[in-house]
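Structural overview for review
Okay, here's what each chain looks like letter by letter:
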Amino acid sequence: MPTSSASTTDSAKSSASGGVQSLERAFDLLERMADSGGEVGLSELSASSGLPLPTIHRLMRTLVACGYVRQQPNRRYALGPRLIRLGESASRLLGTWARPYLARLVDETGETANMALLDGDEIVYVAQVPSKHSMRMFTEVGRRVLPHSTGVGKALLAHTPADEVRALLSRTGMPAATEKTITTPDDFLAALEDVRRLGYAMDDNEQEIGVRCIAVTIPDSPTSAAISISGPAGRVTEAAKERIVPVLQQVAKELSQALASSGPTS
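I will try to describe carefully the structure that is included in this document. Note that this is a predicted model, so its numbers are computed, not measured.

Turning to the overall build of the protein, a few remarks are in order. Regarding its fold elements, the protein presents nine helices and nine strands. The buried share among the 266 residues of the protein stands at 40%. Relative to all contacts within the protein whose residues are 6 or more apart in sequence, the contacts with residues 24 or more apart total 55%. Approximately 14500 Å² of the protein is accessible, and the part contributed by carbon and sulfur atoms is 53%.

Right, here's the structure in full:
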């Protein structure tokens, strides 16, 4: 029996992974737009993706009609407002997915565990599991802080180009939360160099006197994210740090793998 045209078309539109090729291409274009700062021209997308202009134009027209992309007056395309709702929902779920890993951190280190994201110029805490100690640190989920005085802020900015870090600091300012807060861009950039060299970030009484925090980024996270432990300086000592850092790095690696997984499919 001859193959119907509909079957042939469906087969042609299926990707090697068994997915729908047009969907894969559309999401790839959205990712490329995000990597380019959120706004891009069709010729740029064609050059980076290798797709022909007519294909890109057809996909972008569909994304515009759905509200996920908008066409600017200059004829370039920008990420659309409907993506904001998806991103906000995904960010909330990110904290939910992270909680079992944060609970492991608490079990293995004894200190409060946190997860934070870089949202614009600020750090926002999206998940926390408190320590079982009677004296423990507490950061309200949803709290926003400036990155220059936090371990998670240093971890999240460690691989950002220096000129971008300086621009961020000029927008936010560098107010001193304590007498140990870093308050100059040069000193902060030097601290970021330490983070890159050591593989972890430290807040040593910089956000709150008597409190130390150790943080690492989640490698290959779909959005810039970090996890940390925080506790009284009397417990988070240099000796404790040597034990805690490998645990943080291992949990971050496992959380990264879990986030990269597409989950079960039917």
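We now examine the pattern of salt bridges. Under the definition given, this model contains 18 salt bridges. Arg144 serves as the salt-bridge partner of Glu122, at 3.3 Å between the closest nitrogen and oxygen. One end of the pair, Glu122, is in strand 5 (residues 122-129); the other, Arg144, is in strand 6 (residues 144-145), and 22 residues separate them in sequence. Each member of the salt-bridge network shares a partner with another, and the members are Lys180, Asp204, Arg212, Glu238 and Lys241.

Interaxial distance between helix 2 (residues 21-35) and helix 4 (residues 53-66) falls to 10 Å at its minimum, and their mutual angle equals 85 degrees. Of the possible angle classes, the one that applies to helix 2 and helix 4 is roughly perpendicular. For the pair helix 2 and helix 4, contact is made by Ser22, Arg25, Ala26, Leu29, Leu30 and Met33 and by Thr55, Ile56, Leu59, Met60 and Leu63, respectively. A per-class count over the contact of helix 2 with helix 4 returns eight nonpolar, two polar and one charged.

We now examine the side chain of Asp203. Along the chain, Asp203 falls in strand 7 (residues 201-204). At 6.0 Å, Lys154 is the nearest oppositely charged side chain to Asp203, a buried residue that forms no salt bridge. Reaching out from Asp203, the side chain makes a polar contact with the backbone nitrogen of Glu206 at a distance of 2.8 Å. Other than its neighbours up to four places away in sequence, Asp203 contacts Ser149, Thr150, Gly151, Lys154, Val211, Arg212 and Cys213.

Attention now goes to the sheet that holds strand 6. Pairing is antiparallel across the open sheet formed by six strands, whose spatial order is 6-5-4-9-8-7. Among the strands making up the open sheet, the edge pair consists of strand 6 and strand 7. In terms of strand pairing, strand 8 (residues 211-217) meets strand 9 (residues 225-232) through seven bridges, oriented antiparallel. The partner of Cys213 across the bridge, within strand 9, is Ser230. Here helix 9 (residues 238-260) sits on the sheet and contacts strand 4 (112-119), strand 7, strand 8 and strand 9; the angle it forms with strand 8, its principal contact strand, is near 35 degrees.

Taken as a class, soluble globular proteins show a tendency for nonpolar side chains to be buried jointly. One finds Leu102, Leu105, Met115, Ile214, Ile227 and Leu248 to be the most contacted residues of the largest nonpolar core, which totals 30 residues. Elements with a contribution of two residues or more to this core: helix 5 (82-109), strand 4, strand 5, strand 8, strand 9 and helix 9. With nine residues, the top contributor of residues to this core is helix 9. Leaving out residues up to four positions away in the same chain, Ile214 has contacts with Tyr200, Ala201, Met202, Ile227, Ser228, Ile229, Val236, Lys241, Ile244, Val245 and Leu248.

Here is what the cut-offs are and how they apply
Along each chain, the written sequence defines residue order, and numbers are assigned to residues from 1. In view of the model being predicted, local features appear only for residues whose pLDDT reaches at least 70, and side-chain atom pairs are presented and counted only at 80 or more, with totals across whole chains, interfaces and linings using the full set of residues. The basis for every side-chain value is the complete set of non-hydrogen atoms in the structure, without hydrogens or water. Here a helix means four or more residues in a row that DSSP labels H or I, a strand means two or more in a row labelled E, and each is numbered from the N terminus. Burial classes follow relative accessibility: with a 1.4 Å probe on protein chains only, a residue under 20% of its type's maximum area counts as buried, one over 50% as exposed, and anything between as partly exposed. The contact criterion used throughout is that any non-hydrogen atoms of two residues lie within 4.5 Å. To measure how exposed things are, a 1.4 Å probe is used in the Shrake-Rupley method; for residues, cover is taken only from the protein chains shown. The working definition used for a salt bridge is a side-chain nitrogen of Lys or Arg within 4 Å of a carboxyl oxygen of Asp or Glu. To get an axis, fit a line to the C-alpha atoms, keeping to the stretch in contact for a helix; angles then go from 0 to 180 degrees between the N-to-C directions. When an angle is under 35 degrees it counts as roughly parallel; over 145 it counts as roughly antiparallel; between 65 and 115 it counts as roughly perpendicular; any other value is oblique. Each residue is assigned to one class: nonpolar for Ala, Val, Leu, Ile, Met, Phe, Trp, Tyr, Cys and Pro, charged for Asp, Glu, Lys and Arg, and polar for all the others, Gly among them. This count recognises Lys and Arg as positive and Asp and Glu as negative, with His and chain-terminal groups excluded. Two N or O atoms form a polar contact when they lie within 3.5 Å of each other; inside protein one atom must be a possible hydrogen donor and the other a possible acceptor, and for residues adjacent in sequence the pair counts only when both atoms belong to side chains. Note: two strands are recorded as paired if DSSP finds a minimum of 2 bridges between them. In this text, buried Ala, Val, Leu, Ile, Met, Phe, Trp, Tyr and Cys residues form a nonpolar core when linked through side-chain atoms within 4.5 Å.

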